[in-house]
Amino acid sequence: MRLRTGFALETVGAWLLAALWLSPLAYAFWAAFHPPEMATHFDPFAPLTLSNFAKAWTYAPFPRHFVNTVVLVTMILSAQLVLCTLAGYAFARFEFFGHNVAFGLVLVQLMVMPEVLIVENYRIMARLGLVDTILGIGLPYMASAFGIFLLRQTFKTVPRELDEAARVEGCGFLGVLWRVYVPLARPTYLAYGLVSVSYHWNNFLWPLVVTNSVETRPLTVGLAIFGAPESGVDWAVISAGTIMAIAPLLVAFLLFQRQFMQSFMQAGIK
Amino acid sequence: MKHVYGWLLLAPAAILLVGFTHYPAVATLIDSFFSTGTAVRPSRFVGFDNYAALADDPIFWQVLGNNLWFALGTIPAAIAIAMVMALWVNEKLPARALVRMAYFTPTVLPMIAVANLWLFFYTPQIGLFDRVAALFGAPSHNWLGDPDLVLPATMVMVVWKEAGFFMIFYLAALQSLPPELAEAAKIEGASRWYFFRRVTFPLLMPTTLFVLVNATINSFKLVDHLFILTKGGPDNASSLLLYYIYQVAFSFFDTAYASALTVVLLVLLAILAVLQFLLIERRVHYR
């Protein structure tokens, strides 16, 4: 009996905490779908409206920011997949001269992400003429220590026999990579892809530093300018804009919850 | 042959890594010994002048202190909440999947969006915090305008955002614990609290250490919210080291001094890296 009331209490506690955790988002939805004057007065019968979304859409160049973010995220992920696959393969199966030192140097990037070195990286981009380009935002992230590490670990688990069998069949070292290693690492690619996309969809500091026009700014930077108190936009419209910016990622998360959590976990534990 | 292939495969990634991590890190160190060049006065070697300026800069010490308080205020709280969340979600609760999703959702949202939403909660009088405070008869506060309140206020938001992320590590650890332990405890008649205190909590210790180090490293990079909520103010009361670096470099255009500040940040991260390495070593020894 005591056990059962204890469990019931815990259940209520867990639900309350869940409600508390969702409340900021729930509030944003409430404010976004109701007239601005309702933002501060809760009334369950308030009329619903989409006008906040229409306003947000016209106040800031959202379509442009969306395109920029999608281009940025796709570009970074494709480059990362290629570069990290090659480097991970090198570390997993080629005991080349200096591979231990090289691997140690690669891991430095786990600590020193490009956003820590904004001052110097901005200078480099200026020299390369890449300030205010989407390539400039993406370039420092394309060789990802984290991706190299994950793929190296995965490739190391591939049995040598498979590798040798493929070589006997006449595959070159790139053929083996493509036919044996890459297909076997599919779960790792999925995990890495989800983490990379959400990281770069949400990344802010470096894109802010390196961009200065609507043509290149991703959603987060656009949203920061749009939501700044100086801009004088009301809460309902800010909520609507914020929801629009997070909607694609949020929908993807709700659909693929399990994969998302597993990916973040795998990514974190390494 | 393997040497050539190995380096060829590594080359594209290595060039980018050297170009945007190692080279800028070294260049930052070198720049920190020079003065900021202007059109009239070119940059020149100044030795440790930038570091001397740093030692005399009250704002530097303030943001460093803020970083410390920020870490102390957010990490233990987020870890404790994460542990409770994981314990709950690991049980056969009704609507468990929904609860787990609720806890994790803040993690996938961009900090900028989160800060946009929370800015409203902090608003004096009409904001959520003041509404709740009013229920208990507390006076209205200017949460983000008061130097004493602003840092704790931003910490609440960061705990909310981070707890769900830490939860999944505890969840993974809990699921790997042998179920026999709980059964044995049940037979022995151990209370749930006793079981947690003497069995679960000690077994989760490696996870706690892991989360602790990673959270500390992460706390030096968490500055996005400042751009929306406070701009580091009032009077730098909520500013953090990386945000100060941004301000010095891109608002005050003193890149040499910003380089010296970056070197401090790099040293702090290096110390944490060594700590993390030692912890991992020790865990391996235990096995």
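Computed from a prediction, not measured in an experiment: that's the story for all the values here.

The next thing to look at is the overall build of chain A. Secondary structure summary: chain A contains 14 helices and zero strands in total. The C-alpha radius of gyration computed for chain A amounts to 24 Å, which surpasses the reference 18 Å derived for 270 residues by more than 25%, pointing to a less compact arrangement than a globule. For the C-alpha atoms alone, the extent of chain A along its principal axes is close to 75 × 70 × 30 Å. When the 270 residues of chain A are sorted by exposure, 44% land in the buried category.

This part takes up the overall build of chain B. Scanning chain B for helices and strands turns up 13 helices and zero strands. Going residue by residue from the N terminus, the α and β elements of chain B occur as α-α-α-α-α-α-α-α-α-α-α-α-α. Each principal axis of the C-alpha atoms in chain B carries an extent, and together these give about 80 × 70 × 30 Å. Put simply, of all contacts in chain B between residues at least 6 apart along the chain, 68% involve residues at least 24 apart.

Of note, Tyr257 of chain B is situated in helix 13 (residues 255-286). In this structure Tyr257 of chain B comes out as buried when scored by C-beta crowding, with 25 C-beta atoms within 10 Å.

Here the focus is helix 12 (residues 241-250) of chain B. Of all 10 residues that make up helix 12 of chain B, nine are buried, and the element is covered over most of its length. Along helix 12 of chain B, the positions that sit buried rather than exposed are Leu241, Leu242, Tyr243, Tyr244, Ile245, Tyr246, Gln247, Val248 and Ala249 of chain B.

It is worth spelling out the nonpolar core at this point. Of all hydrophobic cores here, the largest spans 164 residues; its most connected members are Ala13, Ala82, Phe166, Met167, Tyr170, Ile245 and Leu261 of chain B. Contacts of Met167 of chain B, omitting those with residues within four sequence positions, involve Ala82, Met85, Ala86, Tyr103 and Phe104 of chain B.

Further remarks concern the interface of chain B and chain A. Each side of the interface is counted separately: chain B has 62 residues, and chain A has 70 residues. At the level of secondary structure, the elements contributing two or more residues to the side of chain B that touches chain A comprise helix 1 (2-31), helix 4 (96-108), helix 5 (111-122), helix 7 (150-175), helix 11 (224-229), helix 12 and helix 13 of chain B. When the residues that make up the side of chain B that touches chain A are grouped by side-chain class, the tally is 49 nonpolar, 10 polar and three charged.

Before going further, it helps to spend a moment on unusual backbone geometry. Residues and elements named next belong to chain B. Phi is positive for Asn236, close to 65°, though the residue is something other than glycine. Here Asn236 lies in the loop between helix 11 and helix 12. Taking the number of C-beta atoms within 10 Å as the measure of exposure, Asn236 has 20 and is therefore buried. The backbone of Phe253 shows a phi angle near 55°, a positive value even though the residue is not glycine.

Residue and element names in this part refer to chain B. When pLDDT is averaged across chain B, the result is 86; 97% of the residues are at 70 or more. Mean pLDDT values over the elements of chain B span from 76, in helix 6 (residues 128-135), up to 93, in helix 12. The ipTM, which scores confidence in the relative placement of chains, is 0.87 for this predicted complex, and the corresponding pTM is 0.89.

Our focus in this paragraph is the packing of helix 3 (residues 62-93) of chain A against helix 10 (residues 186-202) of chain A. All names here are of chain A. Where helix 3 meets helix 10, the axes come as close as 10 Å, and the angle between the chain directions of the two elements is 145°. For the pair helix 3 and helix 10, the crossing hand works out as right-handed. Contact residues: helix 3 offers Thr69, Leu72, Val73, Ile76, Leu77, Gln80 and Leu81, while helix 10 offers Tyr189, Gly193, Ser196, Val197, His200 and Trp201. Among the residues making up the contact of helix 3 with helix 10, the classes are represented as eight nonpolar, five polar and no charged.

Here we take up the packing of helix 4 of chain B against helix 7 of chain B. Residues and elements named next belong to chain B. Contact pair helix 4 / helix 7: the axes reach a minimum separation of 7 Å and the direction vectors enclose 115°. As the angle between them shows, helix 4 and helix 7 are arranged roughly perpendicular. Note on packing geometry: the crossing formed by helix 4 with helix 7 is left-handed. Judged by residue contacts, Tyr103, Phe104, Thr105, Pro106 and Thr107 of helix 4 engage Trp160, Lys161, Gly164, Phe165, Met167 and Ile168 from helix 7. A class-by-class count of the residues in the contact of helix 4 with helix 7 yields seven nonpolar, three polar and one charged.

Another aspect to go through is the environment of Ala28 of chain A. As for its position among the elements, Ala28 of chain A is in helix 1 (residues 2-32). Accessibility expressed as a C-beta count within 10 Å gives 24 for Ala28 of chain A, which makes it buried. Taking the C-alpha atoms as reference points, Ala28 of chain A and Ser239 of chain A, 211 residues apart in sequence, are found 5.2 Å from one another. For Ala28 of chain A, the contacting residues outside a window of four places in its chain are Ser239, Thr242 and Ile243 of chain A together with Leu117 of chain B.

Okay, the environment of Ala191 of chain A next. By the element assignment, Ala191 of chain A lies in helix 10. C-alpha separation for the pair Ala191 of chain A and Gln262 of chain A, spaced 71 residues apart in sequence, amounts to 7.4 Å.

The rules behind each value
Each chain carries its own residue numbering, running from 1 in the written order of its sequence. Written order determines the labels here, with chains lettered from A and ligands numbered from 1. Local features in this predicted model are restricted to residues whose pLDDT is 70 or higher, and side-chain atom pairs enter the listing and the counts only when it is 80 or higher, whereas totals over whole chains, interfaces and linings include all residues. Only DSSP runs of H or I with at least four residues qualify as helices, and only runs of E with at least two residues qualify as strands; both kinds are numbered from the N terminus onward. As defined in this context, the radius of gyration uses C-alpha atoms, and a globule is described by 2.2 Å times the residue total to the power 0.38. Exposed residues have 12 or fewer other C-beta atoms within 10 Å of their own C-beta, buried residues have 20 or more, and residues in between are partly exposed; the C-beta atoms are placed from the backbone. For every residue pair, C-beta atoms are placed from the backbone, and the pair is scored as a contact if these atoms sit within 7 Å. Core membership is restricted to buried Ala, Val, Leu, Ile, Met, Phe, Trp, Tyr and Cys residues, and these are joined into a nonpolar core through C-beta atoms within 7 Å. In this classification, the charged set is Asp, Glu, Lys and Arg, the nonpolar set is Ala, Val, Leu, Ile, Met, Phe, Trp, Tyr, Cys and Pro, and all remaining amino acids, among them Gly, are polar. You can read pLDDT as the predictor saying how much it trusts each residue, on a scale of 0 to 100. Whenever a helix is involved, its axis is fitted only over the stretch in contact; in every case the axis is a line through C-alpha atoms, and angles between N-to-C directions fall within 0 to 180 degrees. Should the near helix be turned anticlockwise from the far one by less than a right angle, the crossing is termed left-handed; should it be turned clockwise, right-handed. Orientation categories follow fixed angle ranges, with anything under 35 degrees roughly parallel, anything over 145 roughly antiparallel, 65 to 115 roughly perpendicular, and all other angles oblique.

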